[in-house]
Structure formats: C-alpha cells, structure tokens
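Single-letter residue listing:
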Amino acid sequence: GESVGLHLPTLSVQEGDNSIINCAYSNSASDYFIWYKQESGKGPQFIIDIRSNMDKRQGQRVTVLLNKTVKHLSLQIAATQPGDSAVYFCAESPGGNKLVFGAGTILRVKS
Amino acid sequence: NAGVMQNPRHLVRRRGQEARLRCSPMKGHSHVYWYRQLPEEGLKFMVYLQKENIIDESGMPKERFSAEFPKEGPSILRIQQVVRGDSAAYFCASSPGTGQYEQYFGPGTRLTVT
C-alpha cells in the first residue's frame, strides 16, 4: 500500500545548528515529493519540492535530497532558527495529483 | 495575491447536524483538493476536484460526505449527519493545473462535533 514514514518523531536542535529531517517512502512509482512545514493552528506551508529525475534541490537555507535506490528523502535546514520550530511533513505523489503525507516530525529549536 | 481561503475557520456542530466547509482556491488555480487531519497525525487525502468535475474521490468515506466545485463560487465539502469521529481539521489545497503538482494549502477549518 501507499505509505510515507518518518524515522524520528521529534528532533531537538540548538539554534544555529543544521537540522536534518528524514523520510522513507514506499511507492517506487512516486515521481514528485514535497516538504511542508506546519505551525500550530495553521495550514501546511510549502517549503521545497523535488521531482524524481533529480537527487538534490536547494532553496533558501533548505536542501532536499532524494535517494531513489533506498526510497529515502531528507530535508536539511541550515543555521536553524527559532522560527523553524514546527511539524515537518514529507509528502509523495504516487500519481493522479493526490499527495500521500507522512506522520510528521516535530522540530524544536533551543535558544 | 490572496492565498487559499477557507471558511469558517472553526465550526461546532451537534451530532446529526450538517457541516458545510468552503474553499476558494488561489487566483488562477483550477484544481482543488481536500484533506483531513486528525490530532497529531498527517494529512489524509479525501478528494480532488476540477471545476464541475470530481477527478478522484478515493479518500472520501462512502456515506455522508460529498464535495463539489461549481463553475462559479467556492468548493464545498459537505458532511451530513455528523458524528464525533468527524471532528478534525479539514484542509483545502489548490494547484495551477495538471502536471503542476505543487499544492498550496489554506488555513483549514476545525470541525468539532459535540
């Protein structure tokens, strides 16, 4: 079946350090992946996406890495700030436009 | 440039009543998606619509739930005869069109069934 899972439910990092959030996906047919950030009481906010024909994509302070061989996705946040504290979801598109979300990782940034 | 709009933001219904949730997509977006989120869980896909068409409703419960996206006006998610298990946050997302997969989410409607 379709499932996207995360290895670590909670990640605590010191302000200024780099954060790495990992995600495993199960559907090898998925061709598109997105990372979302969700703050308490708000909707998911698009962070960065990557298509299956790429293995790395960079944005502002964020990098997404895709390893199709082991069906693994990661989000790297450079110089983590208190405002980065949120729940982070990876999502995959197995086809047909719908997204399959993982359970989420809580990122806590310590000042 | 307004984002995805949802209303109401909070909705309280008693068991057996009907809930109607509205979603206006981003300007220029013709594709709408509804997701449900239970506390401390990820979002679960419910339905994908284009104007006047349901494209994929594989995530919709078979009974009591329906969705529409009319030619004019917002998309509506309708839940009839609500039960306590329907209590959740319901999010709407929109995307520009086929082949452009990025979905932008609204702030959600938090439904509480008492």
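See the structure printed just above.
Analysis parameters
- Per chain, the residues get numbers from 1 upward, laid out in the order the sequence is written.
- Labels are handed out in written order, letters beginning with A for the chains and numbers beginning with 1 for the ligands.
- Totals for whole chains, interfaces and linings use all residues, but because this is a predicted model, local features are given only for residues with pLDDT of at least 70 and pairs of side-chain atoms are given and counted only at 80 or more.
- As a rule here, side-chain values cover all heavy atoms of the structure and leave hydrogens and water aside.
- Note: two strands are recorded as paired if DSSP finds a minimum of 2 bridges between them.
- Working definition: helices are DSSP H or I runs of at least four residues, strands are E runs of at least two. Numbering for both runs from the N terminus.
- Any cysteine sulfur atom paired with another within 2.5 Å is treated as part of a disulfide.
- Three exposure classes are used, based on accessible area relative to the maximum for each residue type with a 1.4 Å probe and protein chains only: buried under 20%, partly exposed in between, and exposed over 50%.
- We count a salt bridge whenever a side-chain nitrogen from Lys or Arg sits within 4 Å of a carboxyl oxygen from Asp or Glu.

A. Quick peek at the pairing of strand E8 (residues 72–77) of chain A. Residues and elements named next belong to chain A. Relative to E8, strand E3 (residues 19–25) is paired through 6 bridges, and the arrangement is antiparallel. What sits directly across from Ser19, in E8, is Ile77. A loop of 4 residues connects strand E7 (residues 62–67) with E8, the two strands running antiparallel in sequence, and Lys71 in this loop sits at a positive phi of about 50°.

B. Highlighting the state of the cysteines. Residue and element names in this part refer to chain B. This model, assessed by the stated rule, comprises 2 disulfides over all chains. The disulfide partner of Cys23 is Cys92, and the gap between their sulfur atoms is 1.7 Å. Linking Cys23 and Cys92, the disulfide has an S-S dihedral of approximately -55° and is accordingly described as left-handed. Here the residue Cys23 occupies a position in strand E3 (residues 19–24), and Cys92 occupies one in strand E9 (residues 88–95), the gap between them amounting to 69 residues. Like Cys92, Cys23 is buried.

C. Seen up close, the pattern of salt bridges. All names here are of chain B. Going through the model one piece at a time under the given rule, you end up with 6 salt bridges over all chains. A salt bridge links Arg20 to Glu18; its shortest N-O distance comes to 3.6 Å. For Arg20, a relative accessible area of 36% translates into the label partly exposed. The salt bridge partner of Arg78 is Glu18, with a shortest N-O separation of 2.9 Å.

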